[in-house]
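# Structural characterization, general
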Amino acid sequence: MVIAQYIKEANTTQKELAKKVGCSTAFLNAIINGKNTDIKISLVRKISTVTKISESKLIDELLKEPDVD
């Protein structure tokens with residue numbers, strides 16, 4: 001997921017990003033792992049603003065089918 005890639009490249013943590021966008025670390029983790037795609041557009045906008053990832057790219061990622069292990 002592009003958010004996980006951002007976290008790695010920005011040398012930050014899920015906890016730090018969650019704090020910046022105003023959600024819990026657990027919720028952000030669920031988004032990153034495709035376990036929660038039911039998020040408000042306002043959160044998508046916050047994530048987009050902080051990470052500089054376009055809203056459309058985030059939404060595309062959220063709508064992808066999760067990988068089956």
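All of the points below concern the structure found in this document. Remember, predicted model here, so these are calculated numbers, not experimental data. (Residues numbered from 1 in each chain as written. Predicted model: local features only at pLDDT ≥ 70, side-chain atom pairs only at ≥ 80, totals over all residues. Heavy atoms only, no water.)

### Some points on the pattern of salt bridges
Using the criterion set out here, one finds two salt bridges in the structure. Close ionic contact of Glu 55 with Arg 45 constitutes a salt bridge, the shortest N to O distance being 3.6 Å. With Glu 55 in helix 5 (residues 55-63) and Arg 45 in helix 4 (residues 41-51), this pair connects stretches of sequence that are 10 residues apart. You can call Glu 55 partly exposed: its relative accessible area is 29%. Taking relative accessible area as the criterion, Arg 45 reaches 44% and is therefore assigned partly exposed. In this structure, Lys 64 engages Glu 61 in a salt bridge whose closest nitrogen and oxygen atoms are separated by 3.3 Å. (Salt bridge = Lys/Arg side-chain N within 4 Å of Asp/Glu carboxyl O. Helix = DSSP H or I, 4+ residues; strand = E, 2+ residues; numbered from the N terminus. Buried < 20%, exposed > 50% of the residue type's maximum accessible area, 1.4 Å probe, protein only.)

### Some remarks on the environment of Ala 26
Of note, Ala 26 is situated in helix 3 (residues 25-32). Judged by relative accessible area, which is 58%, Ala 26 ranks as exposed. With 12 residues separating them along the chain, Ala 26 and Gln 14 place their C-alpha atoms 8.8 Å apart.

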